[in-house]
Amino acid sequence: MEKVVHFGPGNIGRGFFGQLYYESKLETVYVGVTKEKIQLLNKYRQYPLVVMDADHVKEAKEMIIKNVRAINISDLQKVEEEISNAYLISTSVGAKNLIHIVKPIVKGLKRRWENKEYSKINILLGENMVDTDIYFKELLVKELQDDHLINMLNEYVGIVDTSVERLVPNMTKEMKQGNPLKIYAGSSYDFPVNKYAFKGEIPRIKNMILLDSFQYYKTRKIFVYNSLHAVVAYLGFVKGYQHISEAINDHHIRYIVYCSALESGKALAKEFNVSFTETLDKINSMIERLRDPDLDDTIIRVGRDPLRKLSDNDRIIGGAKLALKHRILPLNLCLAAAAALHFRVPTDNLSNVMQDMIDIGGPEEVLEKICKLQSDSILWGLILGYYEIISKGYKIF
Ligand SMILES: NC(=O)C1=CN([C@@H]2O[C@H](COP(=O)(O)OP(=O)(O)OC[C@H]3O[C@@H](n4cnc5c(N)ncnc54)[C@H](O)[C@@H]3O)[C@@H](O)[C@H]2O)C=CC1
Ligand SMILES: O=P(O)(O)OC[C@H]1O[C@](O)(CO)[C@@H](O)[C@@H]1O
């Protein structure tokens, strides 16, 4: 049985990739950081997955995902060994953690080549980030240093960006009852990937969709669908809600969410010269789906890492900049950015870092360093204006 080394045995790692690989008759070796989870995966070599049916949420289907084991990222030698004879590598560690898996991957690749293993290998990136492939390749090149090794990377390693469509929410204590490895997931099975990024034979993975226009597809996922999700979370947080379904069922919030998605969606259609109709249908159905309390999620999870979500090429500012480029005034995205600047969750480290930045340098510090905005720009003025309005407690939504 061929082996996949998958970094990140979290929600998407177990709730999506594990199933894909099991059903494609591949073995999954998870590389993680949590000792207990690694021990459990090695003890049972399987875990239960509950797939919730989108249209008949009460008819959830439980299955057992098998052929799994796990190793710790700190055990560099084992990681190196596993990569040296792997069929495929994949990730779902969170964009901010990609930097921490570069060294072990490079060591594994070097070991492959030292062993004269010159079969081509692909790295599937399962993170919510635009241009993850470009970013990750830069990290690999920096770590490899040597020109000869960089040539080897170019020749033998495919760095493939993907779009994970499935939603895996926060696991509550009740959900994990009976088995801490148990995971609940949304029903989406599709796995779109960048068709042109593979090296060698394209791996046979169930439900993998080879897309021609991957760049448009992925940017739309982040700038429109993930964006509207984040907008619900940040506006909901300001209004004191805890769940996404509560926030989206608030008429004022729903209206702003819808308008924000129109701003980025229309800008994207113009940028890529495609029709907006299909995107509009999807925006409507996504908003409806978020209203369903059976598929609920927490505002804290969806809004997690606000600094990443406010960065210049991510779901809020990325869409706002593109909108402005196409002469669409992104008032609603700016309001959402201002709300995001108020996101303060003690357990979310990046929200603490953001609040420290704001305490020292004001919201301007985030706008300049993270959003990469100029102080004389339209977006700067709009976001700061909304930030002040929210700070002063005026009700604008
Ligand atoms: N949850 C969801 O519905 C979706 C998530 N995504 C993306 O998938 C990625 C993972 O998200 P989730 O699974 O929800 O998060 P998660 O927090 O449940 O999983 C991340 C996993 O990576 C592990 N990890 C962190 N640093 C690591 C390192 N240096 N080496 C090895 N493992 C490490 C964590 O311990 C955890 O098990 C993110 O980029 C997210 O944006 C994409 C689509 C859907
Ligand atoms: O996983 P991130 O990038 O922190 O953001 C959460 C977003 O990703 C998802 O988990 C899946 O796309 C959504 O629930 C949400 O829009």
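Starting from 1, residues in each chain are numbered consecutively following that chain's sequence as written. The order in which chains are written sets their letters, starting at A; the order in which ligands are written sets their numbers, starting at 1. Where totals are concerned, whole chains, interfaces and linings use all residues; where local detail is concerned, this predicted model gives features only for residues with pLDDT of at least 70, and gives and counts side-chain atom pairs only at 80 or more. Heavy atoms throughout the structure, all of them, feed into the side-chain values; hydrogens and water do not.

- Under an unreviewed UniProt entry, the name given to the chain is Mannitol-1-phosphate 5-dehydrogenase, and the organism recorded is Irregularibacter muris.
- What UniProt records for the chain under Catalytic activity (unreviewed entry) is the sentence "D-mannitol 1-phosphate + NAD(+) = beta-D-fructose 6-phosphate + NADH + H(+)". UniProt positions are given in the numbering used here, feature names are shortened, and annotations may be inferred rather than shown by experiment.

With respect to the layout of surface pockets
Argument step 1. In this structure, the second largest pocket occupies an estimated 450 Å³ of space.
Argument step 2. Along the walls of the second largest pocket sit 19 residues, with Met129, Tyr135, Arg308, Ser311 and Asp314 positioned nearest its centre.
Argument step 3. Broken down by secondary-structure element, the contributors of at least two residues to the lining of the second largest pocket are helix H5 (132-144) and helix H13 (306-309).
Argument step 4. Only DSSP runs of H or I covering at least 4 residues are called helices, and only runs of E covering at least 2 are called strands; the numbering of each starts at the N terminus. Residue contributions to the lining of the second largest pocket peak at three residues, all from H5.
Argument step 5. Two domains each put at least three residues into the lining of the second largest pocket: domain 1 (3-211) and domain 2 (216-391). Using a grid of 1 Å spacing that covers the protein atoms alone, one calls a set of points a cavity when a 1.4 Å probe fits there but cannot get out, and a pocket when the set is open and has protein on both sides within 12 Å along at least five of seven lines; lining residues are those with an atom within 4 Å of a point. Grid points are joined across faces, edges and corners, and a volume is the space filled by probe spheres set on the points. Boundaries between domains were set according to an automatic or database domain assignment.

A look at the site of ligand 1
Argument step 1. Taken together, 27 residues form the shell around ligand 1, and within it Asn11, Ile12, Glu127, Asn128 and Val168 come nearest.
Argument step 2. Polar contacts, as counted here, are pairs of nitrogen or oxygen atoms within 3.5 Å of one another; within protein the pair requires one atom able to donate a hydrogen and one able to accept it, and residues that are adjacent in sequence qualify only if both atoms are side-chain atoms. One of the side-chain N or O atoms of Lys37 is found 3.3 Å from an oxygen atom in ligand 1.
Argument step 3. In the model, an oxygen atom of ligand 1 is placed 2.7 Å from a nitrogen or oxygen of the Val168 main chain.
Argument step 4. Of all the secondary structure elements, the ones that give two or more residues to the shell around ligand 1 are helix H1 (11-23), strand S2 (27-32) and helix H4 (98-114).
Argument step 5. When residues are grouped by polarity, Ala, Val, Leu, Ile, Met, Phe, Trp, Tyr, Cys and Pro land in nonpolar, Asp, Glu, Lys and Arg in charged, and all others, Gly among them, in polar. Taken together, the residues of the shell around ligand 1 sort by class into eleven nonpolar, eleven polar and five charged. Note on definitions. A residue lies near a molecule or strand when any single heavy atom of the residue is within 4 Å of it.

Some details on the environment of Lys221
Argument step 1. Positionally, Lys221 belongs in helix H8 (residues 214-238).
Argument step 2. For Lys221 and Ser24, which are 197 residues apart along the polypeptide, the C-alpha to C-alpha distance reads 25 Å.
Argument step 3. Only heavy atoms matter for contacts: two residues are in contact if any of them lie within 4.5 Å across the pair. Apart from residues no more than four positions distant in its own chain, Lys221 is found in contact with Asn128, Ser163, Val164, Glu165 and Asn226.
Argument step 4. Here Asn128 takes part through its side chain, which lies 3.1 Å from a polar atom of the side chain of Lys221.

Some words on the site of ligand 2
Argument step 1. Neighbouring residues of ligand 2: Asn128, Leu167, Lys221, Asn226, His229, Arg301, Arg304, Arg308, Lys309 and Arg315.
Argument step 2. Measuring from an oxygen atom of ligand 2, one finds a side-chain N or O atom of His229 at 2.7 Å.
Argument step 3. For ligand 2, an oxygen atom lies 2.8 Å from a polar atom in the side chain of Arg304.
Argument step 4. Surface burial for ligand 2 is 90%, taken as the share of its 380 Å² of free accessible area covered by protein chains.
Argument step 5. Mapped by element, the contributors of at least two residues to the shell around ligand 2 are H8 and H13.
Argument step 6. Per-element tally for the shell around ligand 2: the top contributor is H8, with three residues.
Argument step 7. Looking at the shell around ligand 2 residue by residue, the classes come out as one nonpolar, three polar and six charged. Using a 1.4 Å probe, accessible areas were evaluated by the Shrake-Rupley method; residue-level cover was limited to the displayed protein chains.

Remarks on the pattern of salt bridges
Argument step 1. When a carboxyl oxygen of Asp or Glu is within 4 Å of a side-chain nitrogen of Lys or Arg, the pair counts as a salt bridge. By the definition in use, this model includes 20 salt bridges.
Argument step 2. Lys3 is the partner of Glu82 in a salt bridge, and the nearest nitrogen-oxygen pair spans 2.6 Å. Here Glu82, found in helix H3 (residues 76-84), pairs with Lys3, found in strand S1 (residues 3-7); they are 79 residues apart in sequence, far enough to count as distant.
Argument step 3. Where Asp305 meets Lys96, a salt bridge forms, and the shortest distance between an N and an O atom there is 3.4 Å. With Asp305 in the loop between helix H12 (299-302) and H13 and Lys96 in the loop between strand S6 (88-91) and H4, this pair connects stretches of sequence that are 209 residues apart.
Argument step 4. According to the relative accessible area criterion, Asp305 is buried, its value standing at 8%.
Argument step 5. Partly exposed residues are those whose accessible area sits between 20% and 50% of the maximum for their type, while under 20% is buried and over 50% is exposed, using a 1.4 Å probe and protein chains only. Classification of Lys96 by relative accessible area gives partly exposed; the value is 41%.
Argument step 6. One network of salt bridges, with partners in common, ties together Lys3, Glu27, Arg69 and Glu82.

Quick look at the packing of aromatic side chains
Argument step 1. In summary, the pairing rule links any two rings of Phe, Tyr or Trp, Trp by its six-membered ring, whose centres are within 6.5 Å, and it sorts them by plane angle into stacked for under 30 degrees, edge-to-face for over 60 and tilted for everything else. By the definition in use, this model includes eight aromatic pairs.
Argument step 2. Centroid distance Phe17 to Tyr21: 5.9 Å. Interplanar angle 35°. Geometry classified as tilted. Residue Phe17 and its partner Tyr21 are located together in helix H1, separated by four residues, close to a single helical turn.
Argument step 3. Ring centres of Phe237 and Phe343 lie 4.8 Å apart, and the angle between their planes is 55°; this geometry places the pair in the tilted category. Note that Phe237 is positioned in helix H8 and Phe343 in the loop between helix H15 (331-340) and helix H16 (349-361), a separation of 106 residues in sequence.

A short note on the environment of Leu307
Argument step 1. Mapped onto the fold, Leu307 is located in helix H13.
Argument step 2. Once residues within four sequence positions are removed from consideration, Leu307 is found in contact with Leu350, Val353, Met354, Met357, Val366 and Ile370.

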